[in-house]
Amino acid sequence: MRQLMVPCTFDTGETAMFPFFVGQPCADSHPLEQQLAWLARERGGQAPQEVVDSLAQVHRLAVEQSTKLEDLVVYAMREAAVVSAADSPP
């Protein structure tokens, strides 16, 4: 299981980092489905749609390639860090 810290917005207008845990979900459900529902219901929070959509896409790839979602998430995060570092001015 992997932990992702995601900047979420809340009904108060504040933004705060919130931990989500990615494991091996059912093939036909979003990897964060239950956690997103709890965050909205109990804390009035929402994760950025871009994060939700990206994780759904990575999940589809994991199912298609019979790969663990956790492994693809680690790979995607590593690649995003490399791209971000390359785009940063020296």
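Computed from a prediction, not measured in an experiment: that's the story for all the values here. (Residues numbered from 1 in each chain as written. Predicted model: local features only at pLDDT ≥ 70, side-chain atom pairs only at ≥ 80, totals over all residues. Heavy atoms only, no water.)

Caption draft 1: The arrangement of the pairing of strand β2 (residues 15–22) in detail. Sheet topology places strand β1 (residues 2–10) next to β2; eight bridges connect them, and they run antiparallel. In the strand pairing of β2, Gln 3 is matched with Phe 21. Connecting β1 to the next strand, β2, in antiparallel fashion are four residues, including Gly 13 with a positive phi near 90°. (Pairing = 2+ DSSP bridges. Helix = DSSP H or I, 4+ residues; strand = E, 2+ residues; numbered from the N terminus.)

Caption draft 2: Main features of the nonpolar core. Among the nonpolar cores identified, the biggest contains 18 residues, and Cys 8, Phe 20, Val 22, Ala 47 and Val 73 are the most heavily contacted of them. Mapped by element, the contributors of at least two residues to this core are β1, β2, α1 (33–43), α2 (49–64) and α3 (69–87). In contact with Val 22, other than residues within four places in its own chain, are Met 1, Arg 2, Leu 4, Leu 32, Leu 55, Leu 69, Glu 70 and Val 73. (Core = buried A, V, L, I, M, F, W, Y, C linked by side-chain atoms within 4.5 Å. Buried < 20%, exposed > 50% of the residue type's maximum accessible area, 1.4 Å probe, protein only. Contact = heavy atoms within 4.5 Å.)

Caption draft 3: Just the pairing of β1, in detail. In this structure, β1 lies alongside strand β3 (residues 45–46), joined through two bridges in antiparallel fashion. Along β3, the bridge assignment pairs Phe 10 with Gly 45.

Caption draft 4: View of the sheet that holds β2. Read from one edge to the other, the open sheet built from three strands follows the order β2-β1-β3, with strand pairing classed as antiparallel. Since the sheet does not close on itself, it has two edges, and those belong to β2 and β3, each with one partner. Contacting β1, β2 and β3, α1 runs over the sheet at an angle of about 145° to β2. (Axes fitted to C-alpha atoms, helices over the stretch in contact; angles between N-to-C directions.)

Caption draft 5: Seen up close, unusual backbone geometry. Phi is positive for Ser 66, close to 50°, though the residue is something other than glycine. Take Ser 66: its relative accessible area is 71%, and that puts it in the exposed class.

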